[in-house]
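Summary of structural features
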Amino acid sequence: MISHADLEAELGYLQRYALAQLRDRDAANEVVQETVLAALESGDSFNGKSSLRTWLTSILRFKLVDRLRRKGKEVLFESLEDETDDSDFDGLFSKDGHWQDKIKAWSGPEESLMSRQFWEVFERCSEVMPRRTAMAFVMREVMGLDITEICNNLDITATNCSVLLYRARMSLRECFEIRWTGEARA
C-alpha cells in the first residue's frame, strides 16, 4: 500500500517533470493530480519491483502522452519558419564536424541530473526554444519515446523530428554552458 506521505515526497519531482514537458504550470499541476489519483486508485498494483518514483513516473508519462495527443489535435501545425536557422550553430563545429570546444565535465552527473538546480536551468533553457522543438526533445530524452511515437504525437516526419532534436540539443548545450557552468563560449 502506498502512503500519502510517500506520494507527497514525490510531488516536487513529478511537478518538475510535467512542467518540463508542458511548459504550463496549470497544465502540469493537472497532469500531476491525474497521476496521483491514478496511483491511489491502482496502489495495489505497485509491487515494489521498482522504486515508487519510477512507478509514478511511468504513470505520469502515460498521462502526458494522452494530454499531448489531445492537445496535438487542437493545435494547428506550427510553421518551421519559427525554428532557429541551422547556420546559427555553425560556429560550434570545426571543419571536420567535431565540437570546437569540449563541454566541461560536471562533478557527479547523476546527482546533478536529479538536483533542483538542474531542472530549473533545464526549464529556463527549454522555455527559450520553439515549443515544438522543446516538446520533441522532452518526449525523446525525458519521456523516452521513440521517433515514431514523437512523429505521431506532433504530426511530423522522421526527418523533421531529427532536425528538431538536433536543434534542441544544440540550443540546450549553448544554454547550459552559460547558465550551468556560468561560462559563455568566446
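You'll find the structure just up there.
Residues numbered from 1 in each chain as written. Predicted model: local features only at pLDDT ≥ 70, side-chain atom pairs only at ≥ 80, totals over all residues. Heavy atoms only, no water.

1. A look at the overall build of the protein
Helix and strand content of the protein: eight helices and zero strands. What you see in the protein, going N to C, is helices and strands ordered as α-α-α-α-α-α-α-α. By residue count, 39% of the 186 residues in the protein fall in the buried class. Long-range pairs, those at least 24 residues apart, make up 71% of the contacts in the protein between residues at least 6 apart in sequence. (Helix = DSSP H or I, 4+ residues; strand = E, 2+ residues; numbered from the N terminus. Buried < 20%, exposed > 50% of the residue type's maximum accessible area, 1.4 Å probe, protein only. Contact = heavy atoms within 4.5 Å.)

2. Points about the packing of aromatic side chains
For any pair of aromatic rings, the description rests on two quantities: the centre-to-centre distance and the angle between the ring planes. Summed over all chains, the structure comprises two aromatic pairs. For the ring pair Tyr13 and Tyr17, a centre distance of 6.0 Å and an interplane angle of 55° mean the geometry is tilted. Here the residue Tyr13 and the residue Tyr17 both occupy positions in helix H1 (residues 4–22), the gap between them amounting to four residues, near one helical turn. Assigned by exposure class, Tyr13 and Tyr17 land together as buried. Between Phe122 and Phe137, the ring centres sit 6.1 Å apart and the planes meet at 35°, which makes this aromatic pair tilted. One end of the pair, Phe122, is in helix H5 (residues 116–127); the other, Phe137, is in helix H6 (residues 131–142), and 15 residues separate them in sequence. For the pair Phe122 and Phe137, a shared accessibility class is recorded, and that class is buried. (Phe/Tyr/Trp six-rings, centres within 6.5 Å; stacked < 30°, edge-to-face > 60°.)

3. Focus on H1
A rise of 1.5 Å per residue sets the reference length of H1, with its 19 residues, at 27 Å; its end C-alpha atoms lie 25 Å apart and thus fit the reference within 8%. Of all the bends in H1, the greatest, near 40°, is centred on Leu11. Phi turns positive, to about 55°, at Arg23, one or two residues after H1. (Expected span 1.5 Å × (residues − 1). Bend = angle between axes of the 7 residues up to and from the residue.)

4. Some thoughts on the state of the cysteines
Across all of its chains, the model carries one disulfide by this definition. A disulfide bridge connects Cys125 with Cys175, and the sulfur atoms are separated by 2.0 Å. The sign of the S-S torsion, about -85°, decides the handedness of the disulfide formed by Cys125 and Cys175: left-handed. Pair noted here: Cys125 is in helix H5 and Cys175 is in helix H8 (residues 158–179), with a separation of 50 residues, a long-range link. We note that Cys125, like Cys175, is buried. Of all cysteine sulfurs in the structure, the one in Cys161 sits closest to Cys151, which takes part in no disulfide; the separation is 4.5 Å. Take Cys151: its relative accessible area is 10%, and that puts it in the buried class. (Disulfide = S-S within 2.5 Å.)

5. Digging into the nonpolar core
With 50 residues, the main nonpolar core has Leu64, Phe122, Met139 and Met143 as its most contacted residues. Those elements that place two or more of their residues in this core are H1, helix H2 (25–41), helix H3 (52–74), H5, H6, helix H7 (147–154) and H8. Excluding its chain neighbours within four sequence positions, the residues that come into contact with Leu64 are Tyr17, Ala18, Gln21, Leu22, Val31 and Met143. (Core = buried A, V, L, I, M, F, W, Y, C linked by side-chain atoms within 4.5 Å.)

6. Brief notes about the packing of H1 against H6
Put simply, H1 and H6 touch, their axes get as near as 8 Å, and they point 140° apart. Taken as axis vectors, H1 and H6 run oblique relative to one another. Taken together, the residues of H6 that come into contact with H1 (itself represented by Tyr17, Ala20, Gln21 and Leu22) are Arg131, Met135, Val138, Met139 and Val142. Classifying every residue of the contact of H1 with H6 by side-chain character gives seven nonpolar, one polar and one charged. (Axes fitted to C-alpha atoms, helices over the stretch in contact; angles between N-to-C directions. Parallel < 35°, antiparallel > 145°, perpendicular 65-115°, else oblique. Nonpolar A, V, L, I, M, F, W, Y, C, P; charged D, E, K, R; others polar.)

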